[in-house]
Structure formats: C-alpha cells, structure tokens
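# Secondary and tertiary structure notes
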Amino acid sequence: MKNRKIFTNSLLPLLVTAVLVGTILPAEAQISGTDPVPAEASQLRHRFQDGIVAHPGFTSAERRAMQGNLVACLALGFTESQLAVLFPDKSSERSFSAEAFLGFKNRVLGIASEGLPPEPMLAKIQEGSIKQVPEPMLERACARIEANLDTARRVMTGAAADGLEEIDDPAREQRMVGGVAQHMWRGMNEEGLNHLREQARLRLREGACGVEDMAWASEVATRLHEEGVDLHESVRFAGDALRRGYRAPQMRELRLMVAARRGDHSVEGFLVDMEHCLSATMAIDDMYNYMMQHGWMGPGDRH
C-alpha cells in the first residue's frame, strides 16, 4: 500500500466537492445527458434519474441535489446494486427524510472520493432501510463505519511504510481495508491493530510478512473474540502467529478452525491447545490433526 488513493482521477474529488456544496451542473443539463458521465453509464443514469423525478416525496431542490449525487456516483464507478441502495426507482418508497437521504449519499460519496471502500456503509444503510432504523441511530452507525475505515487504512498504510509487503491489487486492497474496518465493528480496536502491526514488523527480522497477512491476523483475533476469548488474548494469539511466520493462507485456516470449534468445550481450553500448536510451529495439516485428536473438531470440519 503506497499511501495512494484507489481512485486516481484528480477531478473526482473536485466533482464530489461540487456536489456537496450544491454547485453541480443544472438539473436540466443532467437530464438531457450532457453531464460528465461515461457513455456506458447512460442507461443507469436514466433509470435512476427517472426514479428521482417520478418520486412524489421530493421537492425540486431535493431532486436537483440527488441528480448531482447521481452524477458523482457514476463518475466514481458505482455499480447498479450500489446505486440502488442510494437512489429510488419508480416503485420504491422512501424510508428516510430527504435530509437524511441526502446526508447518507454525501457521506458515502465522501469516503469513496477518498479511496475508501463504500460497501460497509452501503450495507449498513440498506440494513437500516429494511429494518426502519431511526435516522439518528443510522447516522451514528455510518459515522462509526467511516471512522473505522479511516483507522483501518491508516494502520495498514503505516504497516506498508514499516516494510511489509504491499497489496498490489487496488481492488483487493480495498476489500482488505473494508474487512479490517468490519473487524472493528465486530469488536477489534485500534490498539489491537497496532499490536498486530508491531508483531508483523518484528517478523520482518526473520522472514517475509505482508499487509494482507496482518489483515487476516485481525480476522483470526476478531473471530476468537466473538467466540468468547478476551480481546487482548485474541490479539496476542494472532500476533504470535504473525511472529512465527503464519501468512494469509494459514491465517484463513486458523480462522476456519476457530469457526469449527465445538461449543461443548471451553473456549479457554481451545485457546490453550491452539497456542500449543503455534509454539510447536505446526504445519496446518498437523494442527488440524492435533485439534481433532483433542476433540475440538471433526473430520468434516476442515472445509
């Protein structure tokens, strides 16, 4: 991760800023098809513009603002399913006030223009719409997601600056940032991420380690914590795995082991046996066999 933005077009932040302050192209220009959107997005543009115009619950000013949002979303490459969360079609019913509706769009546009993945926030907005979550509560949830995304990227960018192998595919990098942000939603915190970053940095003295390895270690720690292990102990275990050279493929297997744990045994005993496997630097196959022999999982639990 080279401290770069996923979206490299320098005009996009300017376009989004124009939308947020209300200086985007006039509505009549957007409807006529003269807005700065790629030709292949024309069908999507007209579909959602039709929904905005036809919706009976919006004022003219709200429609203009939403049309400006639509232009910016298309310029940022939003997909049809992403747009469907943010914009009404002819058959949809608005579940939020116009102010909240526009506020959610502006927040999503803001993080997307900064190169952060919008999917976690879009998923929360969609969930809130389905469940009829009160607007102030959903706004707080979106603010928390935004803060988590900022923290995840900051820690992962710092890890790359420490010398960890970078994630060379922008799309996968976005998924990793979004995943780590979701870990924070599920119970991980910045202190835990920084501990994993430090253990990954120390691993570099003896062998290779990458930002993606650290992200998967965060998933292992989060999953352990969800099973009832204290967060500090969960992070310590995952950090130890990083120090001992377990990489992303092995971390994914560790996560599967945690998920397959049979609930009729104590989670503390499970962690003790997992730590024994780590201290012996067992290969994944040997670890599976050891955990099956001790009754934590069965032969069919590996996949």
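Our structure's up above, just so we're on the same page.
Residues numbered from 1 in each chain as written. Predicted model: local features only at pLDDT ≥ 70, side-chain atom pairs only at ≥ 80, totals over all residues. Heavy atoms only, no water.

For the rest of this paragraph, the subject is the packing of aromatic side chains. Within the structure shown, the criterion is met by 3 aromatic pairs. Consider the rings of F58 and F101, whose centres lie 6.0 Å apart with planes at 55°: the pair is tilted. Of this pair, F58 sits in the loop between α3 (42–54) and α4 (60–75) while F101 is found in helix α6 (residues 98–113), placing the two residues 43 residues apart along the sequence. Residue F58 shares its accessibility class with F101, and that shared class is buried. Summarising the aromatic geometry, the rings of F270 and W296 are spaced 5.4 Å apart at their centres and angled 80° between planes, so their arrangement reads as edge-to-face. Note that F270 is positioned in helix α14 (residues 267–279) and W296 in the segment after α15 (284–293), a separation of 26 residues in sequence. Each member of the pair, F270 as well as W296, is classed as buried. The positively charged end of R144 is found above the aromatic ring belonging to W185, 4.0 Å away from the centroid. Across from the ring centre of W216, 5.2 Å away, lies the NZ or CZ of R252, which sits over that ring. (Phe/Tyr/Trp six-rings, centres within 6.5 Å; stacked < 30°, edge-to-face > 60°. Helix = DSSP H or I, 4+ residues; strand = E, 2+ residues; numbered from the N terminus. Buried < 20%, exposed > 50% of the residue type's maximum accessible area, 1.4 Å probe, protein only. Lys NZ or Arg CZ within 6 Å of the ring centre and 35° of its normal.)

Our next topic: the packing of helix α10 (residues 190–203) against helix α11 (residues 211–226). Where α10 contacts α11, the two axes come as close as 10 Å, and the packing angle between them is 135°. As summarised for this structure, α10 and α11 are arranged oblique, according to the angle between their axes. In the packing of α10 onto α11, the handedness of the crossing is right-handed. In contact with L193, L196 and R197 of α10, α11 contributes M214, A217 and S218. Considered class by class, the residues forming the contact of α10 with α11 number 4 nonpolar, 1 polar and 1 charged. (Axes fitted to C-alpha atoms, helices over the stretch in contact; angles between N-to-C directions. Parallel < 35°, antiparallel > 145°, perpendicular 65-115°, else oblique. Left-handed = near helix turned anticlockwise from the far one by under 90°. Contact = heavy atoms within 4.5 Å. Nonpolar A, V, L, I, M, F, W, Y, C, P; charged D, E, K, R; others polar.)

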